[in-house]
Amino acid sequence: SSVPGDAFDAIEIASGTDVSVEQIAALAHFHDLRSLDLSGTNLRPGALASLGGFHQLESLSLANARFDPAELWVLRNLRKLKRVDLSGTGAGDEAMPSLASLPHLSDVLVNDNMTFSDVGAAYVSRMKGLKRLEARGSRISANGVRAVTRAPRVEYVDAYDTPAAAENAATQDTLVNTRKRS
């Protein structure tokens, strides 16, 4: 049976799947696709870059996926993106310039990502819509956490198992898991 193009607003591709440009292109008929979960997949060359036409996408999970970080520029085209998960990918600081310009991005997850540091935190701190940063197992320091928590809309920062956590333990600081009060 045929399924209308607007029947699905969320799609999850099974972890371990090799994903090609053609497979991403086959998803294009889902006009109202809001959420795409590619966690644990192996994105073939060009597959990530081919996501640029998914203009309605609000949530993208690439957690533990393998892909060419040079293709992260495509994230700039996803203007409605609200949530992105780059946990466990090794795409940290270099992804943040592409994300920094997204007007609706509120949740950034870079857990278990040793390539996310204060350099990436500087970009994150300038994200106008940012509410939540999860950076467990990254290289963010207490200074990076402070910079992010100064952003106007930030409500939550998780920096467990990071240099920030080690610094906080030494100083009894409470920045590691910060939630702003309204």
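Placed above this text is the structure.
**Student:** An account of the nonpolar core is needed here, citing residue identities and associated values.
**Tutor:** Residues Leu60, Leu86, Met96 and Leu133 are the most contacted members of the largest nonpolar core, which totals 48 residues. Listing elements by their share of this core, those giving two or more residues are helix 2 (96-100), helix 3 (118-124) and helix 4 (142-149). With near-sequence residues (within four places) excluded, Leu86 lies in contact with Leu62, Phe67, Leu72, Ala91, Ala95, Met96, Leu99, Leu109, Val110 and Asn113.

**Student:** So what about unusual backbone geometry? Which residues, and what values?
**Tutor:** Look at Asp112: it is not a glycine, yet its phi comes out positive at around 50°. Mapped onto the secondary structure, Asp112 falls in the loop between strand 7 (107-109) and helix 3. The backbone of Asp161 sits at a positive phi, close to 60°, despite the residue not being glycine. Counting through the fold element by element, Asp161 comes out in the loop between strand 9 (156-158) and helix 5 (163-171). In this structure Asp161 comes out as exposed when scored by relative accessible area, which is 64%.

**Student:** So, the packing of aromatic side chains: which residues are in play, and what are the values?
**Tutor:** Remark: the centre distance and the inter-plane angle together describe each pair of aromatic rings, the angle taken between the planes. Throughout the structure, instances matching the rule amount to 1 aromatic pair. A centroid spacing of 5.5 Å and a plane angle of 80° characterise the contact between Phe8 and Phe30, whose relative ring orientation is edge-to-face. With Phe8 in the segment before strand 1 (10-12) and Phe30 in the loop between helix 1 (21-26) and strand 3 (35-37), this residue pair connects regions lying 22 residues apart in the sequence. The exposure class assigned to Phe8 is partly exposed, which follows from its relative accessible area of 39%. Looking at Phe30, the relative accessible area reads 12%, which means it is buried. Over the aromatic face of Tyr123 sits the side chain of Arg126, whose NZ or CZ is 4.9 Å from the ring centroid.

**Student:** Got a sec to walk through helix 4? Specific residues and values, please.
**Tutor:** Three or four residues apart is the spacing at which side chains of an α-helix point the same way, because the helix has 3.6 residues per turn. Buried within helix 4 are the following residues: Ala142, Gly144, Val145, Val148 and Thr149. Taken down its axis, helix 4 places every buried residue within 160° of arc, on the same side. Of the residues flanking the start of helix 4, the one acting as N-cap is Ser141, its side-chain oxygen 3.2 Å from the backbone nitrogen of Asn143.

**Student:** Hey, could you go over the side chain of Asp85 for me, with residue numbers and the actual values?
**Tutor:** Mapping Asp85 onto the fold places it in strand 6 (residues 83-85). If sequence neighbours within four positions are ignored, Asp85 has contacts with Leu60, Ser61, Leu62, Ala63 and Leu109.

**Student:** Let's hear about the side chain of Thr41: which residues, and what values?
**Tutor:** Structurally, the position occupied by Thr41 is in the loop between strand 3 and strand 4 (42-43). When its relative accessible area of 2% is taken as the criterion, Thr41 is described as buried. Within the structure, Thr41 has its side chain in polar contact with the backbone oxygen of Leu38 (distance 2.6 Å). Leaving out residues up to four positions away in the same chain, Thr41 has contacts with Ile13, Ala14, Gly16, Thr17, Val19, Asn64, Ala65 and Arg66.

Procedures and definitions
- Residues numbered from 1 in each chain as written.
- Predicted model: local features only at pLDDT ≥ 70, side-chain atom pairs only at ≥ 80, totals over all residues.
- Heavy atoms only, no water.
- Core = buried A, V, L, I, M, F, W, Y, C linked by side-chain atoms within 4.5 Å.
- Buried < 20%, exposed > 50% of the residue type's maximum accessible area, 1.4 Å probe, protein only.
- Helix = DSSP H or I, 4+ residues; strand = E, 2+ residues; numbered from the N terminus.
- Contact = heavy atoms within 4.5 Å.
- Phe/Tyr/Trp six-rings, centres within 6.5 Å; stacked < 30°, edge-to-face > 60°.
- Lys NZ or Arg CZ within 6 Å of the ring centre and 35° of its normal.
- Arc of directions from axis to C-beta.
- Polar contact = N/O pair within 3.5 Å; in protein donor to acceptor, adjacent residues only side chain to side chain.

This is a description of form; function is not addressed.
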